[in-house]
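# An overview of the molecular structure
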Amino acid sequence: MIFRTAEPEDQDGLSALDVGDTASPWLAEVAEIVGGLIAWRDDPEAGDEAREVVVAEEDGELVAVTAHVALVDDVGRIWLEHRYLMVTAVRVDQQRTGVGTVLVESVLADLAGRGVRTVEWLVDPANTPSIWFSRTNFPEADESNPPEDRPYTLFVLEL
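Note that this is a predicted model, so its numbers are computed, not measured.

Cut-offs applied
- Residues numbered from 1 in each chain as written.
- Predicted model: local features only at pLDDT ≥ 70, side-chain atom pairs only at ≥ 80, totals over all residues.
- Heavy atoms only, no water.
- Helix = DSSP H or I, 4+ residues; strand = E, 2+ residues; numbered from the N terminus.
- Expected span 1.5 Å × (residues − 1).
- Pairing = 2+ DSSP bridges.
- Axes fitted to C-alpha atoms, helices over the stretch in contact; angles between N-to-C directions.
- Contact = heavy atoms within 4.5 Å.
- Buried < 20%, exposed > 50% of the residue type's maximum accessible area, 1.4 Å probe, protein only.
- Lys, Arg positive; Asp, Glu negative; His and termini not counted.
- Salt bridge = Lys/Arg side-chain N within 4 Å of Asp/Glu carboxyl O.
- Polar contact = N/O pair within 3.5 Å; in protein donor to acceptor, adjacent residues only side chain to side chain.

### Regarding helix α4 (residues 99-113)
When the terminal C-alpha atoms of α4 are compared, their 21 Å separation across 15 residues agrees well with the 21 Å that a helix rising 1.5 Å per residue should span. Two residues or fewer after α4 comes Gly 115, characterised by a positive phi angle close to 90 degrees.

### Some points on the sheet that holds strand β6 (residues 142-144)
The seven strands are arranged β1-β2-β3-β4-β5-β7-β6 in an open sheet whose pairing can be described as mixed. For this open sheet the edge positions go to β1 (2-5) and β6, each flanked by a neighbour on one side alone. Across the sheet, the mean angle separating the axes of adjacent strands is 25 degrees when strand polarity is ignored. Relative to strand β7 (residues 153-158), strand β5 (residues 118-123) runs antiparallel, the two being bridged by six bridges. Note on β7: the bridge partner recorded for Glu 120 is Val 156. Sitting on the sheet, helix α2 (residues 25-35) is in contact with β3 (61-72) and β4 (78-90), with an inclination near 115 degrees to β4.

### Let's talk about the side chain of Arg 83
Looking at where Arg 83 falls in the secondary structure, it is placed in strand β4. One buried charged residue, Arg 83, remains without a salt bridge, the closest side chain of opposite sign being Glu 52 at 4.0 Å. A polar contact of 2.5 Å, which involves the side chain of Arg 83, links it to the backbone oxygen of Ala 50. Not counting chain neighbours up to four residues away, the residues in contact with Arg 83 comprise Glu 49, Ala 50, Glu 52, His 68, Val 69, Ala 70, Leu 71, Leu 111, Val 116, Thr 118, Val 119 and Glu 120.

Everything listed here is a matter of coordinates, which is why it stays silent on function.
Written out as structure tokens, the structure is:
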């Protein structure tokens, strides 16, 4: 398995990444986000947010992806040492194999090596597989339900 920065040529593979039954509202949202990651990353309006997309490739096929961005406060200041993990998606036939865990752990290690201090992400509380993934793989992450993020659960991990 190879982890690498996504390239524009990965757009078709990301658009076709089968994340599972998109009748589920959160999987439909994940599929939509994944299909737009290259445009999101390359958006000239993003400024210095340091948007990054990392893919997992096996035998020339994309099997997982994650994307993260620097946090931006209410007045527009960009905090490079604090990141928001926007999405992690694993192809349905690769789910529960550890690919997602290894991909996220690899990205977190890279971010820590670059001086990032915290990473946070939101999960819909009805998305029990993602809640389980977060609690199982990152039990040291603080978990809360801030009023501004309701109904989502916020996870904050100190690196």
